[in-house]
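Fold and geometry: a report
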Amino acid sequence: MGRTATAGEGLNWLTVAVVAFFHIGAVAALFFFTWQRLAVMAILYVLAINVGIGMCYHRLLTHRGYYVPKWVEYVMTVCATLSLEGGPIFWVSTHRVHHQLSDQEGDPHTPREGAWWAHTGWIFFGAALHSQTEALARYSPDLARDRFHVWLSKYHWLPLTVSGLALLGGGWYFGGWQSGVGMLCWGLFLRVTLGLHATWLVNSATHLWGSRRFETRDDSRNNWWVALLTGGEGWHNNHHAHPVSARHGLKWYEIDPNFWGIWLLARLGLARRIQVAKYDPANPKPAGM
Ligand SMILES: [Zn+2]
Ligand SMILES: [Zn+2]
């Protein structure tokens, strides 16, 4: 699934068109600023990127760093689809392959094949990856057995579309057409575009820039500014060293809001069996590396 394998299949023009359209909408948002729309964007960003991608797709579904009741898992998975990063089976399988073959032949998005390839390019040539849910399912048999995850993997665009219509309709109802378009631009187009780049930076920047606490077999790094944008996913060298740990920030100054969210779920009695790696200066190399 490396560059050579997928490039022959050509560009996925639908993905290119959708991503381009969202970027145009993101620029248009700048002409419709209000504080209210910024607040709506911030709330939806946290739901999609922190609760959805970081806490659910990544730490819950891919690595099973903790467990929640099924209904909580499903609600969080719907939040993740609001990020336009595909359904759970696509995302989880792609990320499991990344961990298996990090920065080697077959890694879907390694900067060794170019920084832009790792950031965005691999998505545009990922036609086969994106649509072959059955082929991908062998990397996530746990999700492929779950009818809800299979269904949502097929209709992952549905919650995002409904949210867009709600933003447009709600804004229009309360403040006229300009308010509707403004809400759509901020709550959907700009919010999704910023979230995409934040997530993509984990694939590009944190395999290029930052410090390495652990001598892992890959190029992963701890990058503080990617951690700030993603709620803690930037502590990526810690994560490659301890992939199952639900906590990625191992020192007090490595802020990890996505783990705070998991801690909150535990306090509410909704999260259990939370795996937590601790940094041991006497034994800086993780076991098994
Ligand atoms: Zn990585
Ligand atoms: Zn991971």
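Before reading further, recall that the structure is shown in the block above.
So, here's what we can say about the structure. (Residues numbered from 1 in each chain as written. Chains lettered and ligands numbered in written order. Predicted model: local features only at pLDDT ≥ 70, side-chain atom pairs only at ≥ 80, totals over all residues.)

This part covers the overall build of the protein. From N to C terminus, the protein includes 14 helices and zero strands. When the elements of the protein are put in sequence order from the N terminus, they spell out α-α-α-α-α-α-α-α-α-α-α-α-α-α. Radius of gyration (C-alpha) of the protein: 19 Å, near the 19 Å computed for a compact globule of 289 residues. In terms of principal-axis extent, the alpha carbons of the protein reach across some 60 × 50 × 40 Å. Going through the 289 residues of the protein one by one, you find that 46% of them count as buried. (Helix = DSSP H or I, 4+ residues; strand = E, 2+ residues; numbered from the N terminus. Rg over C-alpha atoms; globule rule 2.2 N^0.38 Å. Buried ≥ 20, exposed ≤ 12 C-beta atoms within 10 Å, placed from the backbone.)

With that out of the way, let us pick up the nonpolar core. Most often, soluble globular proteins keep nonpolar side chains buried together rather than apart. Ala48, Cys56 and Phe189 are the most contacted members of the largest nonpolar core, which totals 52 residues. Counting residues per element, the ones that place at least two in this core are helix H2 (13-29), helix H3 (35-62), helix H4 (70-81), helix H5 (88-100), helix H11 (157-203), helix H12 (224-230) and helix H14 (257-267). The element best represented in this core is H11, accounting for 14 residues. If we ignore the near neighbours within four places in the chain, the residues touching phenylalanine 189 are Phe22, Gly25, Ala26, Ala29 and Leu184. Grouped together as the second largest cluster of nonpolar side chains are five residues, Trp117, Ala118, Trp122 and Ile123 included. (Core = buried A, V, L, I, M, F, W, Y, C linked by C-beta atoms within 7 Å. Contact = placed C-beta atoms within 7 Å.)

Any two packed helices are characterised by the angle at which their axes cross and by the distance between the axes. Where H5 contacts helix H10 (residues 147-154), the axes come no closer than 7 Å and their chain directions differ by 95°. Judged by the inter-axis angle, H5 sits roughly perpendicular to H10. Contact residues: H5 offers Pro88, Ile89 and Phe90, while H10 offers His149, Leu152 and Ser153. Split by residue class, the contact of H5 with H10 holds four nonpolar, two polar and no charged. (Axes fitted to C-alpha atoms, helices over the stretch in contact; angles between N-to-C directions. Parallel < 35°, antiparallel > 145°, perpendicular 65-115°, else oblique. Nonpolar A, V, L, I, M, F, W, Y, C, P; charged D, E, K, R; others polar.)

This paragraph deals with unusual backbone geometry. Positive phi, close to 50°, is recorded for arginine 64, a residue that is not glycine. Tracing the backbone through its elements, the reader meets arginine 64 in the loop between H3 and H4. Assessed through the 13 C-beta atoms surrounding it within 10 Å, arginine 64 is described here as partly exposed. A positive phi angle is found at aspartate 103, which is not glycine, with a value near 55°. In this structure, aspartate 103 sits in the loop between H5 and helix H6 (115-124).

The next point concerns H3. The sharpest bend along H3 reaches about 40° and sits at cysteine 56. Of the residues trailing H3, arginine 64 is marked for its positive phi of about 50°. (Bend = angle between axes of the 7 residues up to and from the residue.)

Within the secondary structure, histidine 99 is located in helix H5. A tally of 15 C-beta atoms within 10 Å means that histidine 99 is categorised as partly exposed. Sequence-wise, histidine 99 and aspartate 218 are 119 residues apart; in three dimensions their C-alpha atoms are separated by 9.1 Å.

As a further point, take the environment of threonine 94. Tracing the backbone shows threonine 94 in helix H5. Looking at threonine 94, the number of C-beta atoms within 10 Å reads 24, which means it is buried. When the C-alpha positions of threonine 94 and aspartate 107 are compared, they lie 8.8 Å apart, and in sequence the two are 13 residues distant.

What follows deals with the environment of tryptophan 263. As for its position among the elements, tryptophan 263 is in helix H14. For the pair tryptophan 263 and glycine 114, spaced 149 residues apart in the sequence, the C-alpha separation amounts to 37 Å.

Bringing the packing of H3 against H4 into the picture now. In the contact formed by H3 and H4, the axes pass within 7 Å of each other and the chain directions differ by 120°. Our classification of the angle between H3 and H4 gives oblique. As for how H3 packs across H4, the hand of that crossing is left-handed. In contact with Leu47, Ala48, Val51, Gly52, Ile53, Met55, Cys56, Tyr57 and Leu60 of H3, H4 contributes Glu73, Met76, Thr77, Cys79 and Ala80. A per-class count over the contact of H3 with H4 returns eleven nonpolar, two polar and one charged. (Left-handed = near helix turned anticlockwise from the far one by under 90°.)

The quantities given are spatial measurements derived from coordinates; they are silent on function.
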